[in-house]
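Below are the chains, spelled out letter by letter.
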Amino acid sequence: AEPAAPQDAGDAAPAEEDEAECGFCGYMRAGPCGDVFTDWEKCVEDHKGEDFARLCVPATRALTECMARHKDYYELPEQMMEGNAAAEETEEAKEVG
């Protein structure tokens, strides 16, 4: 029984680290599409190393549709969108110049 305890603790640690590192994941799960996001995340994880973009189309579509229905929660704040636009313009200027 004693050797199993450290093994169980070792198995739990990476999941806890993933949770701590992915603030985006926590934000997604906390929103109205949390269950749909979890289903999508599971699909991606289940198909790691495969063409998950193709294999998870139904889950991706469900997530996209749910997020579109809940734009009030999932839409980026205007300030972030403006920052992204400015960054894109800067990149385009570098490419042209």
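These figures come from a predicted structure and were not determined experimentally.

### A closer look at the pattern of salt bridges
- A complete count under the given rule lists four salt bridges for this structure.
- The salt bridge involving Glu 41 is made with Arg 29; its shortest N-O contact spans 2.8 Å. Of this pair, Glu 41 sits in helix 3 (residues 34-46) while Arg 29 sits in helix 2 (residues 23-30); the two residues are 12 residues apart in sequence, bridging distant segments of the chain.
- Accessibility expressed as a relative area gives 27% for Arg 29, which makes it partly exposed.
- Its salt-bridge partner being Lys 42, residue Asp 46 comes within 2.8 Å of it at the nearest N-O pair. Placement of the pair is Asp 46 and Lys 42 together in helix 3, with a separation of four residues, close to one helical turn.

### Here's the deal with the environment of Val 57
- Residue position: Val 57 is located in helix 5 (residues 57-69).
- Distance in space between the C-alpha atoms of Val 57 and Cys 43 is 9.5 Å, their sequence separation being 14 residues.

### Focus: the packing of helix 3 against helix 5
- The N-to-C vectors of helix 3 and helix 5 enclose an angle of 155 degrees; their axes lie 9 Å apart at closest approach. Judged by the angle between their axes, helix 3 and helix 5 are roughly antiparallel. The way helix 3 lies across helix 5 gives a crossing that is left-handed. Note on element contacts: helix 5 touches helix 3 through Ala 59, Thr 60, Ala 62, Leu 63 and Cys 66, opposite Val 36, Phe 37, Trp 40 and Cys 43.
- Class assignment of the residues belonging to the contact of helix 3 with helix 5 gives a composition of eight nonpolar, one polar and no charged.

Definitions and cut-offs
Residues numbered from 1 in each chain as written. Predicted model: local features only at pLDDT ≥ 70, side-chain atom pairs only at ≥ 80, totals over all residues. Heavy atoms only, no water. Salt bridge = Lys/Arg side-chain N within 4 Å of Asp/Glu carboxyl O. Helix = DSSP H or I, 4+ residues; strand = E, 2+ residues; numbered from the N terminus. Buried < 20%, exposed > 50% of the residue type's maximum accessible area, 1.4 Å probe, protein only. Axes fitted to C-alpha atoms, helices over the stretch in contact; angles between N-to-C directions. Parallel < 35°, antiparallel > 145°, perpendicular 65-115°, else oblique. Left-handed = near helix turned anticlockwise from the far one by under 90°. Contact = heavy atoms within 4.5 Å. Nonpolar A, V, L, I, M, F, W, Y, C, P; charged D, E, K, R; others polar.

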